[in-house]
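Understanding the architecture of this molecule
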Amino acid sequence: MDRGVLRRILIDSLQSDTILWDSHFISMEKQNEGWLLYFKNNTTAYADIVIAADGANSKIRHHVTDIKHFYSGIIMLEGNVYDAEKYLPKISAILRGGKIMAFGNEKNILMGQKAHGEVGFYASFKAEENWASKIGLDFSNKTQMLEWFKKKYFEWDNIWQELFENAETPFVPRPINCMPLNQTWETLPNLTMLGDAAHLMPPFAGEGVNMAMLDALELSECLTTDQHNSIKDAISAYEKTMQKRASVIAKDSLENGERMHHKNALDTMTSFFRGHKHD
């Protein structure tokens, strides 16, 4: 499902005043038994409990733990094409509103249909973590990026060049990171995390959004049940389950990333999907 569509479904399920818009979070500090939050619009708010759901670059995570992510060895170069049926006629005929995963010679192209006729895609390959700063590319220069793609993916059919010929700029290079598989931290009485803020991982198991929504469900159940003696106990129960579950999926994601960027990826992944065709 397109992320924008899912987001709208979730927002529409809430009471109209549940979300406070125009409140870009900047920082927070302890105040009494809770937290004082600061926002970009020069407002503040006091919270008894804070749940960090602010993604891979969480500004809240450091209040919980100083554990940092590590680089997986893979770069995903992101692009988007609007009005894809018009500008990607050959690829759209294959995509047909779904997803494509193309593998070859340690490189991938991954893409999916989004809402409003948009196609999002990634050119995915192994590289140094600082590849984007060392390669000397202008990610806003479509001609330059097309020439780079032709050289980098020289063995690939020229059908894929449609993507770079018609993508919006700038392209976005994304180093793919992962939190340590064995991460734990001391539970705090009024602060926890979910989603990428808690367990950033590569996207190669396709479980990122699923994990975040399950985190939210399990955390809400822990906080609202009468089985725990305190909020801290409830958070602790959630975190132990979440950390164990996330470790398993992160390991799968890392292993899938290696499979998908191996020289034999096409054969390996074809066999993998054939084995799951009846699941």
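Refer to the preceding data block for the structure.
First, a word on scope: everything that follows refers to the structure included in this document. None of these values were measured; they are calculated from a predicted model.

**A look at the overall build of the protein**
A tally of regular secondary structure across the protein gives ten helices and ten strands. Counting all 279 residues of the protein, 41% fall into the buried class. The long-range share in the protein, meaning contacts at least 24 apart out of those at least 6 apart in sequence, stands at 65%. Approximately 16,300 Å² of the protein is accessible, and the part contributed by carbon and sulfur atoms is 51%. Looking at the protein, you have 30 positive and 37 negative side-chain charges, and the mean spots of the two groups are 6 Å apart.

**Looking at the pairing of strand β8 (residues 119–126)**
Counting buried positions along β8 yields six of eight residues, so the element is predominantly enclosed. Pairing of strand β5 (residues 70–81) with β8 involves eight bridges; the strand directions are antiparallel. Bridge pairing in β8 places G79 opposite F121. Taken together, strand β7 (residues 107–113) and the strand that follows it, β8, pair antiparallel across an intervening segment of five residues, in which H116 is found at a positive phi of about 60 degrees.

**Points about the packing of aromatic side chains**
How two aromatic rings sit relative to each other is given by the distance of their centres and the angle of their planes. Summed over the entire model, instances satisfying the criterion amount to 15 aromatic pairs. Aromatic pair F125 and W148: ring centres 5.6 Å apart, planes at 50 degrees, arrangement tilted. Here F125, found in strand β8, pairs with W148, found in helix α5 (residues 142–152); they are 23 residues apart in sequence, far enough to count as distant. Measuring from ring centre to ring centre gives 5.3 Å for F272 and F273, while their planes differ by 80 degrees; the resulting arrangement is edge-to-face. By relative accessible area, which is 35% here, F272 ends up partly exposed. In textbook terms, an aromatic cluster arises when at least three aromatic residues are bridged by ring pairs, as seen for F121, F125, W131, F139, W148, F149, Y153, W156, W160, F164 and F171.

**Points about helix α8 (residues 208–224)**
Its 17 residues place the ends of α8 25 Å apart at the C-alpha level, agreeing with the 24 Å of an ideal helix rising 1.5 Å per residue. Within the sequence span of α8, burial applies to M211, D215, E218, L219 and C222. Along the axis of α8, the buried positions cluster into a sector of 100 degrees, meaning they face one direction only. Lining the buried residues of α8 we find β4 (50–52), β10 (191–193), α7 (196–199) and α9 (231–260).

**A look at the sheet that holds strand β1 (residues 25–31)**
Sheets are built from strands paired through backbone hydrogen bonds, the pairs being either parallel or antiparallel. The strand order across the open sheet built from three strands is β1-β2-β3, with neighbouring strands paired in antiparallel fashion. Only two strands of the sheet have a single neighbouring strand rather than two, namely β1 and β3 (44–47). Strand-to-strand, the axes of this sheet are offset by a mean angle of 25 degrees, without reference to chain direction. One ladder, built from six bridges, connects β1 with strand β2 (residues 34–39); its direction is antiparallel. When the bridges of β2 are listed, K30 appears paired with W35.

**Observations concerning the nonpolar core**
Counting residues in each nonpolar core, the largest one holds 32 residues, and the members touching the most others are L77, I109, M111, W148, W160, L163 and F164. Once residues lying within four places of it in the same chain are set aside, the contact partners of I109 are I100, M101, A102, Y122, F149, Y153, W156, W160 and L163. Core analysis: the next-biggest nonpolar cluster, separate from the first, contains 21 residues, V64, L219, Y238 and M242 among them.

**Quick notes on the sheet that holds β8**
Strand order in this open sheet of five strands is β6-β7-β8-β5-β9, and the pairing throughout is antiparallel. At either margin of the open sheet sits one strand with a lone partner, and together these are β6 (99–104) and β9 (172–178). Ignoring which end each strand starts from, the neighbouring axes of this sheet average 20 degrees apart. One ladder, built from six bridges, connects β6 with β7; its direction is antiparallel. Bridging from a neighbouring strand, M101 pairs with L110 of β7. Here α9 sits on the sheet in contact with β5, β6, β7, β8 and β9, set at roughly 70 degrees to β5.

**So, a nonpolar patch on the surface**
On the surface, a nonpolar cluster with roughly 280 Å² of combined accessible area is contributed by I49, I51, L223 and I231. With respect to the helices, strands and loops of the structure, I51 is situated in strand β4.

**Considerations on the packing of α8 against α9**
Closest axis-to-axis distance for the α8/α9 pair is 9 Å, and the angle between their directions is 155 degrees. Taken together, the axes of α8 and α9 are roughly antiparallel relative to one another. Like other packed secondary-structure pairs, α8 and α9 cross with a definite hand, here right-handed. On α9, the residues that touch M211, L214, D215, E218, L219, C222 and L223 of α8 are I231, A234, I235, A237, Y238, T241, M242, R245, A246 and I249. A per-class count over the contact of α8 with α9 returns 13 nonpolar, one polar and three charged.

Definitions and limits used
Residues numbered from 1 in each chain as written. Predicted model: local features only at pLDDT ≥ 70, side-chain atom pairs only at ≥ 80, totals over all residues. Heavy atoms only, no water. Helix = DSSP H or I, 4+ residues; strand = E, 2+ residues; numbered from the N terminus. Buried < 20%, exposed > 50% of the residue type's maximum accessible area, 1.4 Å probe, protein only. Contact = heavy atoms within 4.5 Å. Areas by Shrake-Rupley, 256 points an atom, 1.4 Å probe, with all protein chains shown as cover. Lys, Arg positive; Asp, Glu negative; His and termini not counted. Charge placed at Lys NZ, Arg CZ, Asp CG, Glu CD. Pairing = 2+ DSSP bridges. Phe/Tyr/Trp six-rings, centres within 6.5 Å; stacked < 30°, edge-to-face > 60°. Expected span 1.5 Å × (residues − 1). Arc of directions from axis to C-beta. Axes fitted to C-alpha atoms, helices over the stretch in contact; angles between N-to-C directions. Core = buried A, V, L, I, M, F, W, Y, C linked by side-chain atoms within 4.5 Å. Patch = residues over 30% accessible without salt bridge, like charges linked within 9 Å, V, L, I, M, F, W, Y side chains within 5 Å. Salt bridge = Lys/Arg side-chain N within 4 Å of Asp/Glu carboxyl O. Parallel < 35°, antiparallel > 145°, perpendicular 65-115°, else oblique. Left-handed = near helix turned anticlockwise from the far one by under 90°. Nonpolar A, V, L, I, M, F, W, Y, C, P; charged D, E, K, R; others polar.

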